[in-house]
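Structural features, examined
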Amino acid sequence: MSETIQSKLGEYLYLAMGDCAGQKVVMGIGYTYEYADKKARQFEEASKGLVKYLDISVIKTGDKVKCRTLKRIG
């Protein structure tokens, strides 16, 4: 993984974002980048191409606005 945020577990939430018919949707949520990425890949596979995995939004727990966007792994 090339991009990481060093933090305590639970300090940030990682939201894997995708595109579904032009609408941005959440595909997976995790306390770690790797878990959100894993769930988004499973979602993309299960959707049979209807949902495309884009990136991961990083949100500090308790905030309403993302603080950073990370590229998807691979």
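See the structure shown above.
Residues numbered from 1 in each chain as written. Predicted model: local features only at pLDDT ≥ 70, side-chain atom pairs only at ≥ 80, totals over all residues. Heavy atoms only, no water.

**What about the overall build of the chain?**
- Assigned secondary structure in the chain consists of one helix and four strands.
- Counting from the amino terminus, the chain carries its helices and strands in the arrangement β-β-α-β-β.
- Within the span of the chain, comprising 74 residues, buried residues form 31% of the whole.
- Considering only intrachain contacts with a sequence separation of at least 6, the fraction spanning at least 24 residues in the chain is 48%.
- Total accessible area computed for the chain in this model is approximately 4,900 Å², and 56% of it derives from carbon and sulfur atoms. (Helix = DSSP H or I, 4+ residues; strand = E, 2+ residues; numbered from the N terminus. Buried < 20%, exposed > 50% of the residue type's maximum accessible area, 1.4 Å probe, protein only. Contact = heavy atoms within 4.5 Å. Areas by Shrake-Rupley, 256 points an atom, 1.4 Å probe, with all protein chains shown as cover.)

**Details of helix H1 (residues 33–46)**
- In this model, H1 (14 residues) spans 20 Å end to end at C-alpha, consistent with the 20 Å of a helix rising 1.5 Å per residue.
- Within the sequence span of H1, burial applies to Tyr33, Ala36, Asp37 and Ala40. For H1, the buried positions fall inside an angular range of 100° around the axis, keeping them on one side. Exposed positions of H1 whose direction lies more than 90 degrees from the buried face are Glu45 and Ala46.
- Considering only its buried residues, H1 is in contact with strand E1 (12–20), strand E2 (23–30), strand E3 (51–60) and strand E4 (68–71).
- Downstream of H1 by a residue or two, Lys48 has a phi angle that is positive, lying close to 55°. (Expected span 1.5 Å × (residues − 1). Arc of directions from axis to C-beta.)

**Observations regarding the packing of aromatic side chains**
- Taken as a whole, this structure holds zero aromatic pairs when the rule is applied.
- Looking at Lys60, its charged tip hangs above the ring of Tyr12, at a distance of 5.2 Å from the centre. (Phe/Tyr/Trp six-rings, centres within 6.5 Å; stacked < 30°, edge-to-face > 60°. Lys NZ or Arg CZ within 6 Å of the ring centre and 35° of its normal.)

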